[in-house]
Amino acid sequence: MAVRVTIDPELCIGSGDCIRVAPGAFHLDEAAGVSRPTATASSEDAERLVRAAMGCPTQAIRLERDDAVTR
Ligand code: SF4
């Protein structure tokens, strides 16, 4: 299942929790002081993504099933 991963930069406080949980899916944009999804975030293990989203202190991470993916 592909998952679309987005982070609301208005909510993110750059705590880095998501990066510790799923380093393949998030990276810190140091200039902006916020976390961003990596190019491969959508193929990260879904459980790990959910754990990262649940652990975000500001609920800045949004996960959506990407049903539009063609096979
Ligand atoms: S856990 Fe949430 S607030 Fe912290 S860096 Fe990740 S998205 Fe930003």
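The preceding data block contains the structure.
None of the values given here were measured: they were computed from a predicted structure.

Colleague: Please explain the pattern of salt bridges as it appears in this structure.
Modeller: Side-chain pairs of opposite charge can arise where the charged atoms are in close proximity. The final tally for this structure, using the stated rule, is four salt bridges. A salt bridge links Arg 20 to Asp 17, with the nearest nitrogen and oxygen atoms 3.5 Å apart. Of this pair, Arg 20 and Asp 17 both sit in helix α1 (residues 17-21), three residues apart, which is roughly one turn of that helix. Close ionic contact of Glu 44 with Arg 48 constitutes a salt bridge, the shortest N to O distance being 3.7 Å. According to the relative accessible area criterion, Arg 48 is partly exposed, its value standing at 32%.

Colleague: Just checking my understanding: could you explain the site of the ligand for this structure?
Modeller: Around the ligand sit Cys 12, Ile 13, Gly 14, Ser 15, Gly 16, Asp 17, Cys 18, Ser 35, Cys 56, Pro 57, Thr 58 and Ile 61, and that is every residue in its neighbourhood. Residue composition of the shell around the ligand, grouped by class: six nonpolar, five polar and one charged.

Colleague: What should I look at first to understand the nonpolar core in this one?
Modeller: Grouped burial of nonpolar side chains is what soluble globular proteins tend to show. Core analysis: the largest hydrophobic core is formed by 16 residues, its most contacted members being Val 5, Ile 7, Ala 25, Phe 26, Leu 49 and Ile 61. Mapped onto this core, the elements with two or more residues apiece are β1 (3-7) and α2 (46-55). Those residues within four positions of Ala 25 in sequence are excluded, and the remaining contacts are Arg 36, Pro 37, Thr 38, Ala 41, Glu 44 and Leu 49.

Colleague: Got a minute to help me understand the pairing of strand β2 (residues 26-29) in this structure?
Modeller: Note on strand geometry: in a regular strand, side chains alternate between the two faces of the sheet. Of the pairings in the sheet, the one linking β2 to strand β3 (residues 34-37) comprises four bridges and is antiparallel in character. Note that in β3 the partner of His 27 across the bridge is Arg 36. What sits between β2 and β3 in their antiparallel hairpin is a turn of four residues, with Gly 33 showing a positive phi close to 75°.

Colleague: Help me understand the environment of Glu 44 in this model?
Modeller: Take Glu 44: it is sitting in the loop between β3 and α2. For the pair Glu 44 and Leu 63, spaced 19 residues apart in the sequence, the C-alpha separation amounts to 12 Å. Contact partners of Glu 44, with chain neighbours within four places excluded, come to Ala 22, Gly 24, Ala 25 and Leu 49.

Colleague: Honestly, the environment of Ile 13 in this entry has me stumped. Any pointers?
Modeller: Structurally, Ile 13 is set in the loop between β1 and α1. Between the C-alpha atom of Ile 13 and that of Gly 33, which follows or precedes it by 20 residues, the distance is 7.2 Å. The residues contacting Ile 13, other than those within four sequence positions of it, are Gly 33, Pro 57 and Thr 58.

Thresholds, definitions, all that
Just so you know, the residues in each chain are numbered from 1, in the order the chain's sequence is written. Two thresholds apply to this predicted model, a pLDDT of at least 70 for residue-level local features and 80 or more for giving and counting side-chain atom pairs, whereas whole-chain, interface and lining totals are computed over all residues. The side-chain figures draw on all heavy atoms in the structure; neither hydrogens nor water molecules are used. Only one rule defines a salt bridge in this text: a Lys or Arg side-chain nitrogen within 4 Å of an Asp or Glu carboxyl oxygen. Under the DSSP-based scheme used, a helix requires at least four consecutive residues in state H or I and a strand at least two consecutive residues in state E, with every element numbered from the N terminus. Type-normalised accessible area, obtained with a 1.4 Å probe on protein chains alone, sets the label of each residue: buried when under 20%, exposed when over 50%, and partly exposed for intermediate values. The near set for a molecule or strand comprises every residue that places at least one heavy atom within 4 Å of it. Gly is put with the polar residues, along with every residue not named as nonpolar or charged; the nonpolar set is Ala, Val, Leu, Ile, Met, Phe, Trp, Tyr, Cys and Pro, and the charged set is Asp, Glu, Lys and Arg. We define a nonpolar core as any set of buried Ala, Val, Leu, Ile, Met, Phe, Trp, Tyr and Cys residues linked to one another through side-chain atoms lying within 4.5 Å. Any two residues whose heavy atoms approach within 4.5 Å at even a single point are treated as in contact. Only strands joined by at least two bridges in the DSSP assignment are considered to pair.

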